[in-house]
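Reading the structure
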Amino acid sequence: MDTGLLIEKSVLVLIIFLISLGIAAYQTYFERKLAAWIQDRVGPDRAGPFGILQPIADGVKMFLKEDFIPKDADKWLFIIGPGIAMFTSLITSAIIPWGTDLELFGRTITLQVADFDIGILYLFAVLSISVYGIMIGGWASNNKYSLYGAIRASSQMISYELAMGISAITIIMLSGSLSLTDIVNKQHGMNWNIFYQPVCFIVFFICSMAETNRAPFDLPECENELIGGYHTEYSSMKLGLYLFSEYTAMFISSAIMAILFLGGYNFPGMDSDFFKDHNNLLAITSIIVFFSKIFLFIFIFMWIRWTIPRFRFDQLMHLGWKVLIPVAMVNLLITGIVIAIKEGWFNELM
Amino acid sequence: MESLTNRKKVVSDKPMTFMEELYLPAIFHGMKVTFKHMLQKRKTIKYPEETRVFAPVYRGMHVLKRDEKGRENCTACGLCAVACPAEAITMIAGERKKGEENLYREEKYAEMYEINMLRCIFCGLCEEACPKEAIFLTDRIVPTEFERGDFIYGKDKLVESIEFPIDITKRQHTGKRTEK
């Protein structure tokens, strides 16, 4: 096995891991800041300048809290629940292409941990098992509110995964590939999917909001009905991991949306002569562009959270099954017909 | 009936139009509203660094005043304690000895004077009851403490210092004596 490749991938995995955790930590800070701004407040500003040390203070607080396990809880499941939640939200980042190829030490480094040719299938597989963290946590707590939260989470996941999958199929049909790298490369320059598939984008966006359990779809952790939902019984860093995994999931699904609809790391003017000569500069610019797209989505996620109140559960189901799935299906059908006409499959009939 | 505000809205349950059923325009409208608020000036007053400007008649922490020669006004008559609806004031009267004329204004004074700030409801009745212009409520805030006992303020905290007199000229119940 190529040792260089091994080192390169390990370093990349480590960097992505640290970046995901760092961004998740600072998302909590930014979320609180944004909530404060929307409500005409200042937000956390005591820890460090502008309060930027707040996530560290929160982390220390989480670690120092009493780690409590209820007497009748299933101890094993109770402990691995948050672990699974964190694990599943982190491993999705393996297939994300972060930028164009980097040339370092005479090697061409692909900024992607694993270029699966079935990237999207992997993505949906991981998304489906991400509900296990919540489900196991809610079940193991031996608390009816936790269980309700967990049941809500799983039924919500199943309902919205369908519409999400259908809209992802639309994108796959456009790109003709299941690999995320191919999907990104198809949107070279300004050729982004959002301009071709605005309806699909809206459906996908709503679904990923529901998949990450963000408001207005945060019914699994609805405080006023379920006293915190699936993490009612959790404390200390186990609770911290649950909250953290939600933020990591938000980061990752922003990245996925940026890839599928906003062209990933593509930006207008990346074919100019200047970038042809400076390959590494192109790579760095593309990474910056990709991250700014991710941050844009994260901002919109938070902005929506502090704007819209939570849905009722029947409204949630109504929206998922009776609105989003039909819309996504009709969109898929129209896209299919247009592609077929363009490819000339109907020529013989007409 | 005449409406009390100009924000009255007629409520109707007519069926929603197609645009309303889409729900998205309403969401965008809401997002516009929250975005405007994001850019607005923050209304927070960061307390320890900035303090809110109080009205001159604000009823905060008490002060026991001295007269213009620096003698304590209080004669321990007990009217403030009687007037106090929360029974927060306790005092022990003492007799002025020879040589203490520069300390106490009249022959009788308060040896011990305590206000329990946890009981006090800052109604200002003590201030109104006082015939000697001794006790006033000021625009200062009672600071927080960790122990209940620390909220019982004795004369050390209540009597104003001679060097830094507390200005109460803007209060409502002042100037009875100076009018004479």
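Here is a short report on the structure shown in this document. (Residues numbered from 1 in each chain as written. Chains lettered and ligands numbered in written order. Predicted model: local features only at pLDDT ≥ 70, side-chain atom pairs only at ≥ 80, totals over all residues.)

Within chain A one finds 13 helices and two strands. Among the 350 residues that make up chain A, the fraction classed as buried is 41%. (Helix = DSSP H or I, 4+ residues; strand = E, 2+ residues; numbered from the N terminus. Buried ≥ 20, exposed ≤ 12 C-beta atoms within 10 Å, placed from the backbone.)

Looking now at helix α2 (residues 24–39) of chain B. For α2(B), which comprises 16 residues, the first-to-last C-alpha distance of 23 Å matches the rise-based estimate of 22 Å (1.5 Å per residue) to within 8%. A small share of α2(B) lies buried, amounting to zero of its 16 residues. (Expected span 1.5 Å × (residues − 1).)

Glycine aside, negative phi is the norm for most residues, and most peptide bonds take the trans geometry. Non-glycine residue A:S236 carries a positive phi angle of around 55 degrees. Examined against the element boundaries, A:S236 turns out to sit in helix α10 (residues 236–261). Although it is not a glycine, B:E87 adopts a positive phi angle of roughly 50 degrees. Its place among the elements puts B:E87 in the loop between α3 (79–83) and β2 (89–95). Residue classification places B:E87 among the exposed positions, given that 11 C-beta atoms sit within 10 Å.

All names here are of chain B. The strand order β2-β3-β5 describes an open sheet built from three strands, whose pairing is antiparallel. The sheet is open, and its two edges are formed by β2 and β5 (152–153), each paired on a single side. Where β2 and strand β3 (residues 108–116) come together, seven bridges link them in antiparallel fashion. Among the inter-strand pairings, I89 is bridged to a residue of β3, identified as I115. (Pairing = 2+ DSSP bridges.)

To continue, consider the interface of chain A and chain B. Counting residues at the interface gives 10 residues for chain A, matched by 11 residues for chain B. Those elements that provide at least two residues to the side of chain A that touches chain B are α1 (3–38) and α12 (279–305) of chain A. Taken together, the residues of the side of chain A that touches chain B break down into seven nonpolar, one polar and two charged. (Contact = placed C-beta atoms within 7 Å. Nonpolar A, V, L, I, M, F, W, Y, C, P; charged D, E, K, R; others polar.)

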